[in-house]
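Listed below are the residues making up each chain.
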Amino acid sequence: MSGLAGYRHGESVVHRLHPVTKVTLLGCCILGAYLAPPVALAALLGVLVVSSTVAGVAPSVGRAALSILVPLGVGLLAVHGFFRTGSGAVLVTVGPLTLWRDGVVYAVSFLGVLAAFVLAGLLFVSTAHPKKLMTGLTEAGVPRKLGYVFVASLQLVPELRRRAERIVDAQRSRALDTRGSLQSRIRALVSLLGPLLIGALVATQTRSLALEARGFSLDGPRTSLYTLSVSPLDWALRVVGIVGVVGLAGWRLL
């Protein structure tokens with residue numbers, strides 16, 4: 001799984017946080033990035049980078065973030081830099097193209113918000129154990145089916161990526177050209193979509209049968225292999241995150 005981050009086992013302080021704390025902080029990061037002024041947004045990005053380093057997932061999170069943010073950044077600069085005139089201040093002119101200063105500033109600001117979204121999401125996915133996350137959400141009162149959908153959605157993209165890589169490797173072993181001309185790549189893409197879609201449907205059905213065999217939809221008390229506890233650090237981080245978002249919302253309204 002070269003391009004996308006998935007859960008990585010670890011014993012760091014970030015990994016040991018309660019799953020509900022991670023969900024709370026993820027929501028606070030998303031709301032805070034949207035509400036925060038540039039200085040606070042830069043501080044939030046710094047906190048996310050430091051947290052990724054402490055958790056030992058900075059390389060994988062960095063690679064995945066760059067693969068998402070670089071194309072987005074290029075697109076934002078092209079669209080807003082060349083077409084958002086703002087006050088009319090010109091940054092540089094090359095032939096018929098004019099790069100507007102206000103457009104570039106807006107693109108960079110918006111990219112900063114998106115970077116916070118992406119880094120917070122990747123850090124969450126990299127440090128939140130799926131089964132512990134499911135247990136934590138259930139203990140917090142979230143309906144089991146809703147919690148399962150949330151956890152399964154986090155695993156969907158990495159799982160599809162791994163499945164696609166296996167299919168491509170199998171097709172290459174059968175002499176299918178996947179790196180040639182554009183026509184060859186399109187033909188390979190069509191050959192990939194069929195097995196990928198069918199495999200995903202079969203996996204979904206198999207997982208559904210396995211869950212029902214374990215009484216997933218039955219009512220009644222449940223037990224879990226995982227015992228989760230809320231530490232003082234969890235409470236402190238939850239309070240800091242919620243107070244921070246409320247403070248930013250109040251600052252926006254004033």
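Notes on the structure follow. (Residues numbered from 1 in each chain as written. Predicted model: local features only at pLDDT ≥ 70, side-chain atom pairs only at ≥ 80, totals over all residues. Heavy atoms only, no water.)

## Looking at the environment of Y7
Then step 1. As for its position among the elements, Y7 is in the segment before α1 (19-35).
Then step 2. The contacts of Y7, once residues within four sequence positions are left out, are H15, V125, S126, T127, A128, H129 and P130. (Helix = DSSP H or I, 4+ residues; strand = E, 2+ residues; numbered from the N terminus. Contact = heavy atoms within 4.5 Å.)

## Remarks on the packing of helix α2 (residues 38-55) against helix α4 (residues 101-127)
Pairs of packed helices are described in terms of their axes, by the angle between the two and the distance that separates them.
Then step 1. Relative to each other, α2 and α4 sit at 25°, their axes nearing to 10 Å. Considered as vectors, α2 and α4 are oriented roughly parallel to each other. Viewed along their axes, α2 and α4 form a crossing whose handedness is left-handed. Contacts from L41, L44, L45, L48, V49, S51, S52 and A55 in α2 reach S109, G112, V113, A115, A116, L119, A120, L123 and T127 in α4.
Then step 2. The residue makeup of the contact of α2 with α4, split by class, is 12 nonpolar, 5 polar and no charged. (Axes fitted to C-alpha atoms, helices over the stretch in contact; angles between N-to-C directions. Parallel < 35°, antiparallel > 145°, perpendicular 65-115°, else oblique. Left-handed = near helix turned anticlockwise from the far one by under 90°. Nonpolar A, V, L, I, M, F, W, Y, C, P; charged D, E, K, R; others polar.)

## Side note on the packing of aromatic side chains
Then step 1. Scanning the entire structure with this criterion turns up 2 aromatic pairs.
Then step 2. Seen in terms of ring centroids, Y106 and F110 are 6.2 Å apart; in terms of plane orientation they differ by 15°. Their pairing is stacked. Of the two residues, Y106 and F110 both sit in helix α4, 4 residues apart, roughly one turn of that helix.
Then step 3. By relative accessible area, which is 34% here, Y106 ends up partly exposed. (Phe/Tyr/Trp six-rings, centres within 6.5 Å; stacked < 30°, edge-to-face > 60°. Buried < 20%, exposed > 50% of the residue type's maximum accessible area, 1.4 Å probe, protein only.)

## Focus: α1
Then step 1. In a regular helix each residue adds 1.5 Å, so 17 residues correspond to 24 Å; α1 covers 24 Å between its end C-alpha atoms and thus fits that length.
Then step 2. Listed in full, the buried residues belonging to α1 are P19, V20, T21, K22, L26, C28, C29, G32, A33 and L35.
Then step 3. Buried positions along α1 lie against α2, α4, α5 (130-139) and α8 (232-253). (Expected span 1.5 Å × (residues − 1).)

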